[in-house]
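As a plain string of letters, each chain reads:
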Amino acid sequence: QPQPTVAIEWVVQPYIIWGIVAMILILLLFVLSTPWAIRITGYEFFRKAHYVLAMVYIGACWAHWNKLECFLVPAFIIWGIDRGARLFRTALLHYHPAAVTGAGFRPVHAEVTRFPDAEHGDVVRLDFENEQDCWEIGQHYYLCFAECSIWQSHPFTPLNAPMLQKGVVRHSYILRAKSGETKKVADVVARKSQLAGDAATAPTPVILAGPYGENLMEKLAVDTNIVCVAGGTGISYVLPVLLRLAREQPVPDRKVELVWAMRHSSNVDWVRDEMDTLCRAQKALNLTIRLFATRDVDSGEREKDAKCGGAKDTDVAEVGSSSSENACPCDGKVSVDRIGDGASDDSRHPALRQLLGDFVEETVAGRTVVFASGPGGMITDLRTIVAGLNDPAKVWRRQERFDVNLVCDDRLEW
């Protein structure tokens, strides 16, 4: 029998085997954390896989060398404290002493509105109220849809600006039900509404966890000009900023603009009430609203489907129009451009470079912040555009309008 080589004797030792296992696990954790892996496998797989792989990795490190105990035990303790704190905060968020059952713990019941879209996936809007403190603009919550699965929760940004009234805060969300858990929610709503004889709405229990994330309003000075760019359901990221500004004292010379690219002009119905609020505050805010329907074919007529203010029999006038016949609260200053008849995909997207360039040129004073949420391609383009709008030499000469900052939330969908 030939004797094993020294290399083989070294590799088959338990501490070497477990070291290799640990290295493979940490490599898998890294690969699964990349954006393309998350897009392929989905968020829920990413979250659960990290729970499992991280625990096995710590165990493999311990088996590799038990002297690492002084590092690994604190890791377990910190992880446990973190999980416990999150669970406790969720319990407090849903603790209502008036509840009859569950020791005061109960989920909130959301009114769900479904906007059918067989081609791209239904869009679902959730509205509910909860007894809690207000969150900060830009923060998000993890929502667990109890009727579908209590083992899954997904992050969503409230599209409304929080306001505490009699201890209650209203939440509003929109989500596109493409597949997985969101598809289950849309199916549940469709089934309930069909049984109830209502084609659009139905209630469903929701469990909240949060809030998490940054405060977007901290990035704004008194004289900061604001551009909000949204693609599809990314409107929920930028709307709260505008709605909060609508409640505050107007700032002279501040310029504000909303650019929203949607598939169809009827998508405005997702956030009809919020758009009405912006329309009423449009003049005070010096707000320009530009809507782009990227899948509608231009018929050569004015847009009639995306009227703000609930107007039923009036057209939305072109930008700058002063038609006295327009009953819209926006006073005719909203344009809906149909760009869906272009020959290429590029022609079906708003000309962001021109829009942002014109905005910066027209500002009177102060720097500009661009808030954006949409597909990866749009965010990539905006990074290039915003970088090109910055001019350090002019900023040095106190021309602050050439100081442009991009704050984005990559939703990876249109």
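Residues numbered from 1 in each chain as written. Predicted model: local features only at pLDDT ≥ 70, side-chain atom pairs only at ≥ 80, totals over all residues. Heavy atoms only, no water.

Participant: Pulling in residues and values, what's your account of the overall build of the chain?
Facilitator: The helix and strand tally for the chain stands at 12 helices and 13 strands. Per-residue burial over the chain gives 46% buried out of 414 residues. Intrachain contacts of the chain at a sequence separation of at least 6 include 71% that bridge at least 24 residues. For the chain, the exposed area adds up to about 21500 Å²; of that, 57% sits on carbon and sulfur atoms. (Helix = DSSP H or I, 4+ residues; strand = E, 2+ residues; numbered from the N terminus. Buried < 20%, exposed > 50% of the residue type's maximum accessible area, 1.4 Å probe, protein only. Contact = heavy atoms within 4.5 Å. Areas by Shrake-Rupley, 256 points an atom, 1.4 Å probe, with all protein chains shown as cover.)

Participant: Could you give an account of the side chain of Glu257, naming the residues involved and the relevant values?
Facilitator: Tracing the backbone shows Glu257 in strand β9 (residues 256-262). The exposure class assigned to Glu257 is buried, which follows from its relative accessible area of 3%. Setting aside residues up to four positions removed in sequence, Glu257 forms contacts with Ile226, Val227, Cys228, Leu287, Thr288, Arg290 and Phe359.

Participant: How would you summarise a nonpolar patch on the surface if you had to cite specific residues and measurements?
Facilitator: Among the surface-exposed residues, Ile8, Val11, Val12, Ile20, Ile24 and Leu28 lie close enough to one another that they form a single nonpolar patch of about 490 Å² accessible area. Taken together, the elements giving at least two residues each to the nonpolar patch come down to α1 (6-11) and α2 (14-32). Broken down by element, the residue count for the nonpolar patch peaks at three residues, all from α2. With respect to the secondary-structure elements, Val11 resides in helix α1. Residue class for Val11 comes out partly exposed when judged on its relative accessible area of 37%. (Patch = residues over 30% accessible without salt bridge, like charges linked within 9 Å, V, L, I, M, F, W, Y side chains within 5 Å. Salt bridge = Lys/Arg side-chain N within 4 Å of Asp/Glu carboxyl O.)

Participant: I'd like a description of the pattern of salt bridges, backed by residues and values.
Facilitator: Applying the stated criterion across every chain yields a total of 12 salt bridges. Among the ionic pairs, Asp269 bridges to Arg272, the shortest N-O distance being 2.4 Å. Note on Asp269: relative accessible area 33%, which makes it partly exposed. For Arg272, a relative accessible area of 17% corresponds to the buried category. Here Arg401 makes a salt bridge to Glu361, at a shortest N to O gap of 4.0 Å.

Participant: Lay out the packing of helix α4 (residues 43-64) against helix α5 (residues 69-93) with the relevant residues and their values.
Facilitator: Across the interface, α4 lies against α5 with an axial gap of 9 Å and an inter-helix angle of 155 degrees. As the angle between them shows, α4 and α5 are arranged roughly antiparallel. The handedness of the crossing between α4 and α5 comes out as left-handed. Between α4, through Tyr51, Met55, Ile58, Cys61 and Trp62, and α5, the contact on the second element is made entirely by Glu69, Leu72, Val73, Ala75, Phe76, Trp79 and Arg83. (Axes fitted to C-alpha atoms, helices over the stretch in contact; angles between N-to-C directions. Parallel < 35°, antiparallel > 145°, perpendicular 65-115°, else oblique. Left-handed = near helix turned anticlockwise from the far one by under 90°.)

Participant: Could you give an account of the pairing of strand β1 (residues 108-115), naming the residues involved and the relevant values?
Facilitator: In the sheet, β1 pairs with strand β2 (residues 122-131) via five bridges, with the strands oriented antiparallel. Along β2, the bridge assignment pairs Arg114 with Val124. The antiparallel pairing of β1 with β2 creates a hairpin that spans six residues between the two strands, and Gly121 there sits at a positive phi of about 105 degrees. (Pairing = 2+ DSSP bridges.)

Participant: With reference to specific residues and values, describe the nonpolar core.
Facilitator: By size, the foremost hydrophobic cluster in this structure holds 37 residues, and its most contacted members are Ile235, Leu258, Trp260, Val271, Leu278 and Phe371. Going through the elements one at a time, β8 (225-231), α7 (235-247), β9, α8 (272-280), β10 (287-293) and β12 (368-374) are the ones with two or more residues in this core. For this core, the element with the most residues is α7, which contributes eight residues. What Trp260 contacts, discounting residues up to four positions off in sequence, is Ala230, Gly231, Gly232, Ile235, Asn267, Val268, Trp270, Val271, Arg290, Leu291 and Phe292. (Core = buried A, V, L, I, M, F, W, Y, C linked by side-chain atoms within 4.5 Å.)

Participant: Describe the side chain of Arg254, naming the residues involved and giving the relevant values.
Facilitator: As for its position among the elements, Arg254 is in the loop between α7 and β9. At a separation of 2.8 Å, a polar atom in the side chain of Arg254 contacts the main-chain carbonyl oxygen of Thr224. Aside from chain neighbours lying at most four places away, what touches Arg254 is Ala221, Val222, Asp223, Thr224, Asn225, Ile226, Leu245, Leu285 and Asn286. (Polar contact = N/O pair within 3.5 Å; in protein donor to acceptor, adjacent residues only side chain to side chain.)

Participant: Could you give an account of the packing of aromatic side chains, naming the residues involved and the relevant values?
Facilitator: One pass over the structure, following the stated rule, counts six aromatic pairs. On the basis of an interplanar angle of 55 degrees and a centroid distance of 6.2 Å, the ring pair of Trp260 and Trp270 is categorised as tilted. Here the residue Trp260 occupies a position in strand β9, and Trp270 occupies one in the loop between β9 and α8, the gap between them amounting to 10 residues. For Trp260, a relative accessible area of 0% puts it in the buried group. The ring of Tyr212 has Arg89 lying over it, and the distance from NZ or CZ to the ring centre is 4.7 Å. Between the NZ or CZ atom of Lys394 and the centre of the ring of Phe402, over which it lies, the distance is 4.3 Å. (Phe/Tyr/Trp six-rings, centres within 6.5 Å; stacked < 30°, edge-to-face > 60°. Lys NZ or Arg CZ within 6 Å of the ring centre and 35° of its normal.)

Participant: So, the environment of Val21: which residues are in play, and what are the values?
Facilitator: Examined against the element boundaries, Val21 turns out to sit in helix α2. A relative accessible area of 28% means that Val21 is categorised as partly exposed. As for Val21 and Tyr57, which are separated by 36 residues in sequence, their C-alpha atoms are 7.9 Å apart.

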